[in-house]
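As a plain string of letters, each chain reads:
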Amino acid sequence: MTENKQILGKSGDPREDAINSLFSNTENESLFIENIPSKGRFYKDFQGIEVTPLTFLDEQRILGSRKQNADIVSDLLEKTVKGVQIEELLPMDKIFLLMKVREISYGELYKFKISCPNCEADVGTELVLSENLNMSEVPDDLEDPREFDLPKLGVKAKVRFPRNKEENYIKDAEASFKNLYKFVVEINGSSDPVFIAKALKRMHIMDVKKILAEVSRSEYGIDPRFIFECPECSHSETMAIPMDISFFSVS
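What comes next concerns the included structure.

Rules of the game
- Residues numbered from 1 in each chain as written.
- Predicted model: local features only at pLDDT ≥ 70, side-chain atom pairs only at ≥ 80, totals over all residues.
- Heavy atoms only, no water.
- Helix = DSSP H or I, 4+ residues; strand = E, 2+ residues; numbered from the N terminus.
- Expected span 1.5 Å × (residues − 1).
- Buried < 20%, exposed > 50% of the residue type's maximum accessible area, 1.4 Å probe, protein only.
- Arc of directions from axis to C-beta.
- Contact = heavy atoms within 4.5 Å.
- Pairing = 2+ DSSP bridges.
- Axes fitted to C-alpha atoms, helices over the stretch in contact; angles between N-to-C directions.

To continue, consider helix α8 (residues 205–216). For α8, with 12 residues, the first-to-last C-alpha span of 16 Å sits near the 16 Å given by 1.5 Å per residue. For α8, the set of buried residues is Asp207, Val208, Ile211, Glu214 and Val215. Considered in projection along α8, the buried side chains sweep an arc of 130° and stay on one side of the axis. Summarising the geometry of α8, the exposed residues directed more than 90 degrees from the buried face are Ile205 and Lys209. Looking at the packing, one finds that the buried side of α8 touches β7 (146–149), β8 (156–159), α6 (173–178), β9 (184–187) and α7 (193–202). Backbone geometry just after α8 places Arg217 at a positive phi near 40°.

Here we come to the pairing of strand β12 (residues 236–240). Across 5 bridges, the pairing between strand β11 (residues 225–229) and β12 is antiparallel. Its bridge partner being in β12, Glu229 is matched across the sheet by Ser236. Counted along the chain from β11 to the antiparallel partner β12, the turn is 6 residues long, and its residue Ser234 has a positive phi close to 70°.

Once that is clear, we can look at the sheet that holds strand β3 (residues 81–82). Spatially, the 3 strands line up as an open sheet ordered β1-β2-β3, and their pairing is antiparallel. In this open sheet, the two edge strands, each paired with only one partner strand, are β1 (31–33) and β3. Strand direction decides the pairing type here: β1 and strand β2 (residues 49–51), joined by 3 bridges, are antiparallel. If you follow Leu31 over to β2, its bridge partner there is Val51. Of the strands in this sheet, β1, β2 and β3 touch helix α4 (residues 91–106), which is tilted by about 35° from β2.

Structure representation (structure tokens):
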């Protein structure tokens with residue numbers, strides 16, 4: 001009887017073995033992260049996150065994709081992030097991890113062009129991501145879902161964070177208001193979604209704004225804004241870092 005044994009670390013294909021040897025010193029380029037904006041408090045069995053760099057093939061697939069931008073970003077995170085379900089990511093953690101994927105793949109320096117809101121000149125801009133973007137973590141007493149008082153109605157409401165799989169519901173201001181009821185767990189003790197949707201339409205703007213603020217809690221996470229100064233017209237304005245497909249290609 002012939003016994004087939006495979007030597008550990010050998011594939012049996014000389015070319016494959018040579019490839020494995022060539023890249024043997026790059027296997028440990030991943031980044032292990034324990035501190036994320038949510039502190040992992042809202043994920044099951046969170047033990048930290050491993051981020052790996054994009055490959056050239058990954059970049060080409062992103063640039064050549066015909067998918068919506070949000071879908072491309074989710075695909076990218078699926079390839080480069082381990083330790084959390086991508087569809088369950090909170091927006092604050094998603095932006096933070098995108099920054100980390102960009103940083104580990106291309107370095108901290110991000111060069112891009114942005115159009116001046118005043119004179120419309122295309123201005124070359126560069127930022128060191130780790131120096132220009134500060135992370136704010138959630139406090140230890142923040143819950144999900146969480147309860148609070150509505151300032152005008154004077155009753156309690158309970159809301160939850162959106163997850164990455166629900167991103168289309170909050171893609172802009174119109175969608176956020178239209179789908180706000182999906183993230184409201186209770187109003188005055190009622191969890192009936194029809195009741196909640198109708199109540200939101202009749203609410204004072206102060207109550208709606210309060211609910212929107214509690215759902216997003218935008219004060220936590222990475223603030224993707226920077227101070228833009230136009231060299232052409234001297235206009236100065238706070239602007240958001242463009243995070244389109246070009247964010248994941250060589251600057």
